[in-house]
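So the chains spell out like this:
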Amino acid sequence: MAVRTVDDKTEPLLSFDELRAQLRAVGEERYHHKHPFHLLMHEGKLSRGQLQAWALNRYYYQSIIPIKDSIILSRGTDPAFRRAWRKRVIDHDGDAASEGGIKRWLKLAEATGLQAEQVQAGTGILPATRFAVNEYLNIVRSRSLLEAVASSLTELFSRDLISLRMEKLRQHYPWLSGGLDYFQARLTQAPEDAKFATEYVYQHAQSRKEQELAIQALRDKCDILWAQLDALYFAYVEPAWPPPGAFRIQAINEEKQ
């Protein structure tokens, strides 16, 4: 029996359940819950300085999320899509009724001992963090709207990691407990967003090839998250060689003594 490729027009579309299963399989294989840096975090083996480096660099990613979502929002021609998607911008930027995810992440960074002004300025962020995060913006700008939406679907698997992370941070780093509001909010926001995006991808992928493009966009997003942790691990765990101009754990600790 001949094996058909995704370019073969007779290739059947995946059902909703089949598509969702393949998207989840991407997460099981590639999501950053398995990265050594996160494993060390969950085992309580990171120092305060290493957690500071993580919070600082992750802030750059958090800060571009509403920019990413605004780009996607601007590309949507359907008012119903735009109404649904703009919720994401508010979730991170906040409004009169909510402080938003970016401010909540700053509270986490401050709980590690960093100054909010330093974090917002991006002082000491790793070059690889900037390259990886900026590539996410390139994806949502340059690929189809379908692929841009699909790239957000790491939210399909983030809730489990967030739950585990909150548990382990409270257990091993109790001094961070007052800065975990960001994760608490995402426990409800992420599943809601994932449901909408999964249904959108299923409804708007008109061919098996488009479904495969959506799945690949999710793989690429997972690679971006993984690359950020690769940079942190190399700079602050092993071999612990931060590049010129990057955050220095020892220097910060000495200032606090």
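Residues numbered from 1 in each chain as written. Predicted model: local features only at pLDDT ≥ 70, side-chain atom pairs only at ≥ 80, totals over all residues. Heavy atoms only, no water.

A. Geometry of the overall build of the protein. Along the backbone of the protein there are 12 helices and 0 strands. Walking the protein from its N terminus toward its C terminus, one meets helices and strands in the order α-α-α-α-α-α-α-α-α-α-α-α. Taken against the 2.2 N^0.38 rule, which gives 18 Å for 257 residues, the C-alpha radius of gyration of the protein at 19 Å falls within 12% of a compact globule. Each principal axis of the C-alpha distribution contributes one length, and for the protein these read about 70 × 45 × 35 Å. With 257 residues in all, the protein has 51% of them scored as buried. If you take every contact in the protein between residues at least 6 apart in sequence, the share linking residues at least 24 apart comes to 79%. (Helix = DSSP H or I, 4+ residues; strand = E, 2+ residues; numbered from the N terminus. Rg over C-alpha atoms; globule rule 2.2 N^0.38 Å. Buried < 20%, exposed > 50% of the residue type's maximum accessible area, 1.4 Å probe, protein only. Contact = heavy atoms within 4.5 Å.)

B. Region of interest: helix α3 (residues 48-75). With 28 residues, α3 extends 41 Å between its outermost C-alpha atoms, agreeing within 8% with the 40 Å of an ideal straight helix rising 1.5 Å per residue. Its axis deflected by about 30° at I65, α3 carries its strongest bend there, up to four residues before the proline P66. In terms of burial, α3 is a largely internal element, 23 of the 28 residues being buried. (Expected span 1.5 Å × (residues − 1). Bend = angle between axes of the 7 residues up to and from the residue.)

C. Up close: the environment of F131. Position of F131 relative to the elements: it lies in helix α7 (residues 127-142). With 55 residues separating them along the chain, F131 and G76 place their C-alpha atoms 26 Å apart.

D. Quick peek at the packing of α3 against helix α5 (residues 100-112). At a minimum axis separation of 9 Å, α3 and α5 run at an interaxial angle of 170°. The angle between α3 and α5 places the two elements in the roughly antiparallel class. Contacts between α3 and α5 involve R48, L51, Q52, W54, A55, R58, Y59, Q62, S63 and P66 from the former and I102, W105, L106, L108, A109, A111 and T112 from the latter. Among the residues making up the contact of α3 with α5, the classes are represented as 11 nonpolar, 4 polar and 2 charged. (Axes fitted to C-alpha atoms, helices over the stretch in contact; angles between N-to-C directions. Parallel < 35°, antiparallel > 145°, perpendicular 65-115°, else oblique. Nonpolar A, V, L, I, M, F, W, Y, C, P; charged D, E, K, R; others polar.)

E. How the structure looks around the nonpolar core. Membership of the largest hydrophobic core comes to 78 residues, with the highest contact counts inside it found for W54, V149, F183 and Y236. The dominant element in this core, judged by the number of residues it contributes, is α3, at 13 residues. Ignoring sequence-local partners within four residues, the contact set of W54 consists of F37, H38, M41, W105, L108, R165, F183 and L232. (Core = buried A, V, L, I, M, F, W, Y, C linked by side-chain atoms within 4.5 Å.)

F. Layout of the packing of aromatic side chains. For the coordinates displayed, the defined rule picks out 14 aromatic pairs. Seen from their ring centres, F16 and Y202 are 5.4 Å apart, and the 85° between their planes marks the pair as edge-to-face. Within this pair, whereas F16 is found in helix α1 (residues 16-30), its partner Y202 is found in helix α10 (residues 181-204), the two being separated by 186 residues in sequence. Aromatic side chains Y236 and F247 sit 6.0 Å apart centroid to centroid with 65° between the ring planes, which places their arrangement in the edge-to-face category. (Phe/Tyr/Trp six-rings, centres within 6.5 Å; stacked < 30°, edge-to-face > 60°.)

G. Local environment of the side chain of H42. Among the secondary structure elements, H42 is positioned in helix α2 (residues 36-42). Apart from residues lying up to four places away in sequence, H42 is in contact with L161, L164, R165, K168 and H172.

H. Summary view of the pattern of salt bridges. A full pass over the atoms with the stated rule returns 18 salt bridges. Between E99 and R104 there is a salt bridge, and its shortest N-O distance comes to 3.6 Å. One salt bridge connects E199 with K195, and the closest N-O pair in it is separated by 3.0 Å. Taken together, the positions of E199 and K195, both in helix α10 and 4 residues apart, correspond to about one turn of that helix. Taking the relative accessible area as the measure of exposure, E199 reaches 29% and is therefore partly exposed. Among the residues examined, K195 registers a relative accessible area of 52% and is labelled exposed. Here the salt bridges do not stand alone but share partners, grouping K87, R88, D91, E155, R186, E192 and D193 into one network. (Salt bridge = Lys/Arg side-chain N within 4 Å of Asp/Glu carboxyl O.)

Purely spatial values, then, with no claim about function.
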